[in-house]
Amino acid sequence: MSTLQVEVTARSRLVWDDPPKPKRVGLVLGGGAARGIAHVGALQALEEHGIYPDIITGASVGALVGGLYAAGISATRLRSLVTTISWLDLVSLKLPSLHLPDLAKSLPLGLLELDKMIGWIDSLIGKDVQFEQLNLPFTAVATDLVTSEVVAMNCGPLAPAIRASCAVPGVFTPYRRNGRLLVDGVVANNLPVSVAREMGADYVIAVDLLLPLTAAFASRSVEPRNLVEAAMTSLFILARATQSEQQYADIVVTPEIGHINLADLFSADELLATGKQAMEAWIPKIKDDLSPEKIQL
């Protein structure tokens with residue numbers, strides 16, 4: 001009998017009550033503004049197939065979806081939330097107080113104020129929930145606007161950290177946290193696979209909402225409709241050109257959503273369906289990769 005036959009026979013006699021996971025699964029959710037609703041569809045596909053992450057990281061809207069999920073809000077509940085949310089739940093207009101003698105200092109650092117997001121998150125998970133209280137290890141990624149450093153936030157209050165991670169420069173005002181002036185995580189690291197690895201993830205599933213450059217050239221994306229969408233589009237073009245961490249993930253899921261405007265919350269149903277479909281295409285490989293039979297005996 002060959003060595004391979006002996007190994008197969010030995011494995012066939014091994015019966016687990018609860019087969020151990022061969023790897024710690026990390027889920028990385030990238031930025032993409034309103035297109036982040038597709039993350040919820042991707043999560044729903046994972047849940048329906050019994051695949052649950054052990055670690056979550058996210059940038060921008062990926063931090064919002066990932067943080068809520070880590071706090072215990074299921075994909076099913078997230079799905080019901082995203083179909084009813086509006087920008088008025090999250091933002092308010094930032095009016096400048098102009099002083100002509102010192103105009104530069106009187107201009108705001110963003111068109112819109114995003115602090116309402118903190119109250120909205122608290123209304124869902126409870127006020128002042130800390131990272132340390134989450135069901136899963138979670139890290140939200142932001143960018144230090146002064147030093148250009150990637151800031152991995154995994155301690156203290158959750159809602160303000162998510163708000164900081166979502167602060168698209170020029171659109172939303174930055175957020176001051178622990179002595180730093182923070183903006184959107186997309187600026188420095190839109191798909192923080194390396195952060196998930198450092199948190200202990202052995203197997204990383206990344207959901208990337210930015211089309212690869214080749215795909216973007218092949219299919220014309222939708223044009224921005226206003227100043228906010230123009231600023232967001234510019235940021236994500238830069239992020240797409242500089243993003244490099246896809247190569248470090250085991251699975252990269254890329255929903256085909258480039259035709260949907262970055263601020264379009266009215267396309268929630270399509271985004272949910274597309275995100276779910278994109279993840280489901282990878283489910284057979286993910287299940288095979290995570291199969292207990294692949295544990296080395």
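Remember, it's a predicted structure, so these values are computed and weren't measured experimentally.

### Digging into the overall build of the protein chain
Looking only at helices and strands, the protein chain has 12 helices and 11 strands in total. Taken across its 297 residues, the protein chain has 50% of its residues classed as buried. For the protein chain, restricting intrachain contacts to residue pairs at least 6 apart in sequence, the fraction spanning at least 24 positions comes to 77%. With the model as given, the accessible surface of the protein chain reaches about 14500 Å², and the carbon-plus-sulfur share is 56%.

### Here we look at the environment of Ala 42
Turning to its location among the elements, Ala 42 is positioned in helix α2 (residues 37–48). Taking the relative accessible area as the measure of exposure, Ala 42 reaches 2% and is therefore buried. Along the sequence, Ala 42 and Gly 275 sit 233 residues apart, while their C-alpha atoms lie 4.8 Å from each other. Once residues within four sequence positions are removed from consideration, Ala 42 is found in contact with Val 207, Gly 275, Lys 276 and Met 279.

### A word on the packing of aromatic side chains
Applying the stated criterion across every chain, the model contains 2 aromatic pairs. Relative to Phe 138, the ring of Phe 131 has its centre 5.9 Å away and its plane inclined at 10°; by these criteria the two rings are stacked. For the pair formed by Phe 131 and Phe 138, the shared burial category is buried.

### So, empty space enclosed by the protein
Over the atoms, a rolling probe the size of a water molecule traces out where space has been left empty. Tallied over the entire structure, the rule returns 1 cavity of 30 Å³ or more. Computed from the structure, the largest cavity encloses a volume of approximately 320 Å³. Every residue lining the largest cavity is counted, 25 residues in all, and those nearest its centre are Ala 33, Ala 34, Val 61, Leu 64 and Leu 90. Contributions of two or more residues to the lining of the largest cavity are made by α2, α3 (61–70), α4 (75–82) and α6 (116–125). In terms of residue class, the lining of the largest cavity is made up of 22 nonpolar, 2 polar and 1 charged.

### Quick look at the nonpolar core
In terms of nonpolar packing, the biggest core is built from 82 residues, with Ile 205 and Met 279 touching the most fellow members. When near neighbours in sequence (up to four residues on either side) are disregarded, Met 279 contacts Ala 42, Ala 45, Leu 46, Ile 205, Val 207, Val 253 and Ile 286. Counting residues in hydrophobic clusters, the runner-up holds 9 residues, among them Val 28, Ile 55, Leu 191 and Ala 206.

Calculation criteria
- Residues numbered from 1 in each chain as written.
- Predicted model: local features only at pLDDT ≥ 70, side-chain atom pairs only at ≥ 80, totals over all residues.
- Heavy atoms only, no water.
- Helix = DSSP H or I, 4+ residues; strand = E, 2+ residues; numbered from the N terminus.
- Buried < 20%, exposed > 50% of the residue type's maximum accessible area, 1.4 Å probe, protein only.
- Contact = heavy atoms within 4.5 Å.
- Areas by Shrake-Rupley, 256 points an atom, 1.4 Å probe, with all protein chains shown as cover.
- Phe/Tyr/Trp six-rings, centres within 6.5 Å; stacked < 30°, edge-to-face > 60°.
- 1 Å grid on protein atoms, 1.4 Å probe; cavity = no way out; pocket = protein on both sides within 12 Å on 5 of 7 lines; lining within 4 Å.
- Points joined across faces, edges and corners; volume = space filled by probe spheres on them.
- Nonpolar A, V, L, I, M, F, W, Y, C, P; charged D, E, K, R; others polar.
- Core = buried A, V, L, I, M, F, W, Y, C linked by side-chain atoms within 4.5 Å.

Nothing here speaks to function; it is geometry throughout.
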